[in-house]
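The residues making up each chain are set out below.
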Amino acid sequence: HPLNISFGDPVATHHGLVAALAALRYRAKTGKGQFIELSQAEGLLCFQPENILDYMLNRRVRGREANRDAFMAPHNVYRCQGGPGKWVAIAVATDAEWRAFCNVMGDPDWAQDEKFADSLSRWKNQEEMDRHIEAWTSNHTNLEVTEMLQKAGVAAFACLNNRGLVEDPHLNARGFFQEWDHPEIGRQKYDGMMWKLSKTPGGVQCRQPLFGEHNDYVYGELLGLSREEMNRLTEEKVLY
């Protein structure tokens, strides 16, 4: 399924934040403000440095790589037990991790083949290797594979859908989701802070607002519009 995410929006927001902080620092030192011009397309290029350099230096155009990595193998997602949509992501970075991975799988005969003896060989033969790995993961749930491999020091995690994320024991144990009562849709979970500071942990301060709920505060208290002016703007459908 497509991700359906406008990736340029959050990327531009973070670039804009840094630019605004830099402008504020300049104002604090000089007393002068600045105009900030920001391009989403240019901001996204910051996430493609290796691809840009690859073309500039080698004139090579990168194609689709899906879940592959330029160096690591295995590095993919694999079907698991439990029906459609049950997958696990596995990434093996070193020969030591590969040996640990093989040990978890029970040291199968195919893993002793010279085609998988070192990282370069595994990378060159990863399509065949992935078929063997998926034959193993298909006998386990994605959570079982995750637990077994993580205990062995191999990077792995279940591919979770929206329900899986909301119900994930790890995210809930860390307090990532915070619950609030909403007047229209009842008690709901909200995404919490993505980082935890020891002195100022932060958190969600209120539920999701209703449409136009804070008009009086924003236009009245903050901007100083009179009640008559706000009523007029509402009648003219400037405010809703």
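See the structure shown above.
Thresholds applied
- Residues numbered from 1 in each chain as written.
- Predicted model: local features only at pLDDT ≥ 70, side-chain atom pairs only at ≥ 80, totals over all residues.
- Heavy atoms only, no water.
- Helix = DSSP H or I, 4+ residues; strand = E, 2+ residues; numbered from the N terminus.
- Rg over C-alpha atoms; globule rule 2.2 N^0.38 Å.
- Buried < 20%, exposed > 50% of the residue type's maximum accessible area, 1.4 Å probe, protein only.
- Areas by Shrake-Rupley, 256 points an atom, 1.4 Å probe, with all protein chains shown as cover.
- Lys, Arg positive; Asp, Glu negative; His and termini not counted.
- Charge placed at Lys NZ, Arg CZ, Asp CG, Glu CD.
- Pairing = 2+ DSSP bridges.
- Core = buried A, V, L, I, M, F, W, Y, C linked by side-chain atoms within 4.5 Å.
- Contact = heavy atoms within 4.5 Å.
- Axes fitted to C-alpha atoms, helices over the stretch in contact; angles between N-to-C directions.
- Salt bridge = Lys/Arg side-chain N within 4 Å of Asp/Glu carboxyl O.
- Patch = residues over 30% accessible without salt bridge, like charges linked within 9 Å, V, L, I, M, F, W, Y side chains within 5 Å.
- Phe/Tyr/Trp six-rings, centres within 6.5 Å; stacked < 30°, edge-to-face > 60°.
- Lys NZ or Arg CZ within 6 Å of the ring centre and 35° of its normal.

**Quick word on the overall build of the chain**
No. 1: On a plain count of helices and strands, the chain comes out with 11 helices and five strands.
No. 2: Here the chain has a C-alpha radius of gyration of 26 Å; the compact-globule value for 240 residues is 18 Å, and the former is much larger.
No. 3: If one aligns the C-alpha atoms of the chain with their principal axes, the spans along those axes are about 80 × 50 × 40 Å.
No. 4: The burial tally for the chain puts 23% of its 240 residues in the buried class.
No. 5: Entry remark: accessible area of the chain is about 17,700 Å², with carbon and sulfur atoms responsible for 55%.
No. 6: Averaging the coordinates of the 27 positive side-chain charges in the chain and doing the same for the 33 negative ones gives two points 4 Å apart.

**Quick look at the pairing of strand β2 (residues 87-91)**
No. 1: As defined by bridge partners, strand β1 (residues 75-79) adjoins β2 across five bridges and the pair is classed as antiparallel. Residue pairing across strands places His75 opposite Ala91, the latter belonging to β2.
No. 2: Bridge count between β2 and strand β3 (residues 155-159): five bridges; the pairing is antiparallel. Looking at the pairing, Ala91 lines up with Ala155 of β3.

**With respect to the nonpolar core**
No. 1: One finds Ile90, Trp98, Phe101, Trp110 and Leu149 to be the most contacted residues of the largest nonpolar core, which totals 21 residues.
No. 2: When contributions to this core are tallied by element, the ones reaching two or more residues are β2, α4 (95-104), α6 (126-137) and α7 (142-151).
No. 3: If one sorts the elements of this core by residue count, α4 sits on top with four residues.
No. 4: In this structure, Trp110 is in contact with Trp98, Met105, Phe116, Met129, His132 and Ile133, ignoring residues within four places of it in sequence.

**A word on α4**
No. 1: Turning to α4, its buried residues number three or more, namely Trp98, Ala100, Phe101 and Cys102.
No. 2: Its buried side turned inward, α4 meets β2, α5 (119-124), α6 and α7.

**Brief notes about the sheet that holds β1**
No. 1: Here three strands make up an open sheet; going across it, the order is β1-β2-β3 and the pairing antiparallel. Looking at strand neighbours, the two that pair on one side only are β1 and β3, the edges of this open sheet. Strand-to-strand, the axes of this sheet are offset by a mean angle of 20°, without reference to chain direction.
No. 2: Its contacts with the sheet place α6 against β1 and β2, and it is angled at close to 40° to β1.

**Things to note about the environment of Phe177**
No. 1: Mapping Phe177 onto the fold places it in strand β4 (residues 177-182).
No. 2: For Phe177, a relative accessible area of 15% gives the class buried.
No. 3: Separated by 27 residues in sequence, Phe177 and Val204 place their C-alpha atoms 9.2 Å apart.
No. 4: Contacts of Phe177, omitting those with residues within four sequence positions, involve Leu165, Val166, Leu171, Asn172, Lys189, Tyr190 and Asp191.

**Quick word on the pattern of salt bridges**
No. 1: By the definition in use, this model includes 15 salt bridges.
No. 2: Measuring nitrogen to oxygen at the nearest pair gives 2.7 Å for the salt bridge that ties Asp95 to Arg122. Here Asp95, found in helix α4, pairs with Arg122, found in helix α5; they are 27 residues apart in sequence, far enough to count as distant.
No. 3: Classification of Arg122 by relative accessible area gives buried; the value is 1%.
No. 4: With its nearest N and O atoms 2.9 Å apart, the salt bridge here joins Glu236 to Arg232.

**Notes on the side chain of Ser121**
No. 1: Locating Ser121 in the fold gives a position in helix α5.
No. 2: Note on Ser121: relative accessible area 18%, which makes it buried.
No. 3: In this view, Ser121 contacts Glu114, Lys115 and Phe116; residues no more than four positions away in its chain are not counted.

**Digging into a nonpolar patch on the surface**
No. 1: Side chains of Leu45, Ile52, Leu53, Tyr55, Met56, Leu57 and Val61 sit close together on the surface and give an oily, nonpolar patch of about 740 Å² of accessible area.
No. 2: In terms of residues, the nonpolar patch owes the most to one element, helix α3 (residues 49-58), which gives five residues.
No. 3: The residue Leu57 is located in helix α3 in this model.
No. 4: The exposed category is assigned to Leu57, whose relative accessible area is 68%.

**Examining the packing of aromatic side chains**
No. 1: Counted under the stated rule, the structure contains six aromatic pairs.
No. 2: When the ring of Trp110 is compared with that of Phe116, the centres are 5.6 Å apart and the planes differ by 85°; the resulting orientation is edge-to-face.
No. 3: In this structure, Arg59 is placed above the aromatic ring of Tyr55, and the distance from its NZ or CZ to the ring centre is 5.0 Å.

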